[in-house]
Amino acid sequence: MNNLSIRDTMKVLHLTTFKKCGIADYFNYLIKEIDNIGNGEIVNDVFPVDVDWQKKSNFNQVSDYYNEFVKKSENYDLIHIQHEYHNFTGNYPKLKSLKLFNNILEKLKSKNVIVTFHSNPLPIIHNRVLSPIFKNYSYSQFFKNGNMKALVHNTISKEMYLKSGFDLNSIITIFHPTPNIIEEYPEKNMALKDEIYRKLNLNNDSIVLSIVGFIHKYKGYDDIIKLLTILPDNYKLIILGDKHPRGTDSYYNKLLNNISKNSLENRVFITGYYDEKDLSTFCDLIDIFLAPYSSKFTSGSGAIQIGVQSKKPTIAYDIESFKDLNKEFEPICLVKEGNIGELKDKIIKIADNNELKDYYIDQAKKYLLDNSYYRLAKQTIEIYNDFME
């Protein structure tokens, strides 16, 4: 670790979710590596975002809670916030969640602050009425004076924050790393494996596809259901995930209806919230991972990283954030967004071609070596040290 130039230890206060979600996983893997590398020179404390409590609380109650965070920050050298718009919602209009975070930054403007933006500068609900108002809460005013830095996951995100008014020198691009979860838990859950075999009636001719993560429309579930209707019956689907804990049932129920309407109940298995220890069991059954995300999604994806580390090929739509993953290596096979016919042809081609399958697996291995949480932790520590010089 680089020598800290101002004091023997650096105290960092983190604002992040702690319950099961992609950001909580991201934070936990990152801090584990920072602690390993930091050798006691960086003291990391957490001020938790409790989204379940916030859902039941009014704006004043949630504001008071974050005032405690601001007060606690006075005793720290650096503040690091894991930002996602849902993290600041509560029992009040969504616009007020933008105001809430704006107020937090206003009160922290004399501190050294890093914000990792896991979403782009757009409201969660793409509403034409809301979007112009959102410009008043783009937060760009705070990222101009040098003591606040924005970390983003890819070049398209960086461009969007620049267009929203952020200063070029305030934005740092960091990659979205891949944890080695599958190798961490190699044991197989045979009871679970047998359950899926029975439910999907798997045999030696079966080709099992999969999609990972919380169930959202933008992840391409509608296209995947259409895809199954035009693939042979030996093609099955495992959905590794469930509805988002902070979402609604509406799209999830629509998906279930879509599966039923197309008589696909015997070809689709939804795992629900799964234990990470079971990932190796699922990957043992899966032949190809899919990520037909909409181009409305432009941030980093933790879910697609499961496919990349699975030692199975991953096929995705050619949206900008996935093109970014393929810059140095080709860990994922890209097809034109929305082209279900091309997606179908590519699936069949890879399923029938071991040489092509091995190519994408080999590319993924090279990508994983270059994109670890260890590497991200080293980059994050360098950013922390820059603040303290």
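Up top you'll find the structure we're talking about.
Residues numbered from 1 in each chain as written. Predicted model: local features only at pLDDT ≥ 70, side-chain atom pairs only at ≥ 80, totals over all residues. Heavy atoms only, no water.

*Asks:* For this particular structure, what's the right way to read the packing of aromatic side chains?
*Replies:* Aromatic rings in a pair are described by how distant their centres are and how their planes are angled relative to each other. Counted under the stated rule, the structure contains 20 aromatic pairs. On the numbers, 5.3 Å between centres and 40° between planes, the contact of tyrosine 29 with tyrosine 373 is tilted. Taken together, the positions of tyrosine 29 in helix 1 (residues 22-38) and tyrosine 373 in helix 16 (residues 373-388) put the pair 344 residues apart, joining distant regions of the chain. For the pair tyrosine 29 and tyrosine 373, a shared accessibility class is recorded, and that class is buried. With a centroid separation of 5.4 Å and an interplanar angle of 90°, the aromatic rings of phenylalanine 59 and tyrosine 92 are classed as edge-to-face. Residue phenylalanine 59 is found in helix 3 (residues 59-73), and its partner tyrosine 92 is found in the loop between strand 3 (78-83) and helix 4 (94-107); the two are separated by 33 residues along the sequence. A network of ring pairs unites the aromatic residues Phe47, Trp53, Tyr65, Tyr66, Phe69, Phe88, Phe101 and Tyr139 as a single cluster. In this structure, lysine 11 packs its charged tip against the face of tyrosine 76, placed 4.8 Å from the ring centre. Geometry around phenylalanine 59 places lysine 96 over its ring, the cationic atom sitting 4.9 Å from the centre. (Phe/Tyr/Trp six-rings, centres within 6.5 Å; stacked < 30°, edge-to-face > 60°. Helix = DSSP H or I, 4+ residues; strand = E, 2+ residues; numbered from the N terminus. Buried < 20%, exposed > 50% of the residue type's maximum accessible area, 1.4 Å probe, protein only. Lys NZ or Arg CZ within 6 Å of the ring centre and 35° of its normal.)

*Asks:* I would appreciate a short explanation of the pattern of salt bridges in the present structure.
*Replies:* For the structure on display, the rule yields 8 salt bridges. Put simply, lysine 193 and aspartate 284 hold a salt bridge, and the shortest N to O gap is 2.6 Å. Taken together, the positions of lysine 193 in helix 8 (residues 190-200) and aspartate 284 in helix 11 (residues 279-285) put the pair 91 residues apart, joining distant regions of the chain. The partner of aspartate 222 in a salt bridge is lysine 217, and the shortest N-O contact between them spans 2.9 Å. On the accessibility criterion, aspartate 222 (17% relative accessible area) is buried. For lysine 217, a relative accessible area of 49% corresponds to the partly exposed category. (Salt bridge = Lys/Arg side-chain N within 4 Å of Asp/Glu carboxyl O.)

*Asks:* What's the story with the nonpolar core in this structure? I'm lost.
*Replies:* A general tendency of soluble globular proteins is for nonpolar side chains to be buried together. Among the nonpolar cores identified, the biggest contains 60 residues, and Ile196, Leu209, Ile238, Leu290, Ile315, Phe322 and Ile347 are the most heavily contacted of them. Aside from chain neighbours lying at most four places away, what touches isoleucine 238 is Ile196, Leu200, Val208, Leu209, Ser210, Ile211, Phe269, Thr271, Leu285 and Ile286. Ile79, Tyr85, Ile104 and Phe117 belong to the second-largest nonpolar core, a separate cluster that totals 34 residues. (Core = buried A, V, L, I, M, F, W, Y, C linked by side-chain atoms within 4.5 Å. Contact = heavy atoms within 4.5 Å.)

*Asks:* What is the right way to look at the state of the cysteines in this model?
*Replies:* Each disulfide consists of one covalent bond between the sulfur atoms belonging to two cysteines. Scanning all chains against the criterion turns up 0 disulfides. Not part of a disulfide, cysteine 283 finds its nearest cysteine sulfur in cysteine 333, a span of 18 Å. For cysteine 333, a relative accessible area of 2% gives the class buried. (Disulfide = S-S within 2.5 Å.)

*Asks:* Is there a simple way to explain the sheet that holds strand 4 (residues 113-117) in this structure?
*Replies:* One key point about sheets: their strands pair by backbone hydrogen bonds, in either a parallel or an antiparallel sense. Reading across the sheet, the 6 strands line up as 2-1-3-4-5-6 and stay open at both edges, with parallel pairing between neighbours. Strands at the two margins of the open sheet, each flanked by one partner only, are strand 2 (42-49) and strand 6 (171-173). Within the sheet, the average angular offset between the axes of one strand and its neighbour, ignoring direction, is 20°. Sheet analysis places strand 1 (residues 10-17) next to strand 3, joined by 4 bridges and oriented parallel. (Pairing = 2+ DSSP bridges. Axes fitted to C-alpha atoms, helices over the stretch in contact; angles between N-to-C directions.)

*Asks:* Quick question: what am I supposed to make of empty space enclosed by the protein here?
*Replies:* It is a probe the size of a water molecule, rolled over the atoms, that shows where empty space is left. Tallied over the entire structure, the rule returns 2 cavities of 30 Å³ or more. For the second largest cavity, the full set of lining residues is Ile211, Val212, Phe289, Leu290, Ala291, Tyr293, Ala303, Ile304, Gly307 and Thr314. Looking at the lining of the second largest cavity, the elements that each hand over two or more residues are strand 7 (207-212), strand 10 (288-291) and helix 12 (303-309). For the lining of the second largest cavity, the class distribution of residues is 8 nonpolar, 2 polar and no charged. (1 Å grid on protein atoms, 1.4 Å probe; cavity = no way out; pocket = protein on both sides within 12 Å on 5 of 7 lines; lining within 4 Å. Points joined across faces, edges and corners; volume = space filled by probe spheres on them. Nonpolar A, V, L, I, M, F, W, Y, C, P; charged D, E, K, R; others polar.)

*Asks:* Would you mind showing me how to read the packing of helix 1 against helix 16 here?
*Replies:* Helix packing for two helices is described by the angle between their axes and how far apart those axes are. Orientation of helix 1 relative to helix 16, taken along the N-to-C sense of each, is 70°, at an axis distance of 8 Å. Here helix 16 runs roughly perpendicular to helix 1, going by the angle between their axes. Seen from helix 1, the contacting residues are Tyr26, Tyr29, Leu30, Glu33, Ile34, Ile37 and Gly38; seen from helix 16, they are Tyr373, Tyr374, Leu376, Ala377, Lys378, Thr380, Ile381 and Tyr384. Residue composition of the contact of helix 1 with helix 16, by class: 11 nonpolar, 2 polar and 2 charged. (Parallel < 35°, antiparallel > 145°, perpendicular 65-115°, else oblique.)

*Asks:* Can you help me understand the pairing of strand 7 in this one?
*Replies:* Looking along a regular strand, one sees the side chains alternate between the two faces of the sheet. Counting buried positions along strand 7 gives 6 out of 6 residues, so the element sits mostly inside the fold. Side chains of strand 7 alternate between two faces, with Ile207, Leu209 and Ile211 and Val208, Ser210 and Val212 buried alike. Bridge count for strand 7 against strand 8 (residues 235-240) is 6 bridges, and the pairing is parallel. Note on strand 8: the bridge partner recorded for valine 212 is leucine 240. The parallel pair strand 7 and strand 8, bridged by helix 9 (residues 221-230), forms a crossover whose chirality is right-handed. (Right-handed = clockwise from strand over helix to strand, strands pointing away.)

*Asks:* Which parts of the structure should I look at to understand unusual backbone geometry?
*Replies:* A negative phi holds for most residues other than glycine; trans holds for most peptide bonds. With a phi angle near 55°, serine 263 is a residue other than glycine that sits in the positive phi range. Tracing the backbone shows serine 263 in the loop between helix 10 (250-261) and strand 9 (268-270). Phi at lysine 311 is positive, roughly 65°, even though this residue is not glycine. Tracing the sequence through the fold places lysine 311 in the loop between helix 12 and strand 11 (314-317).

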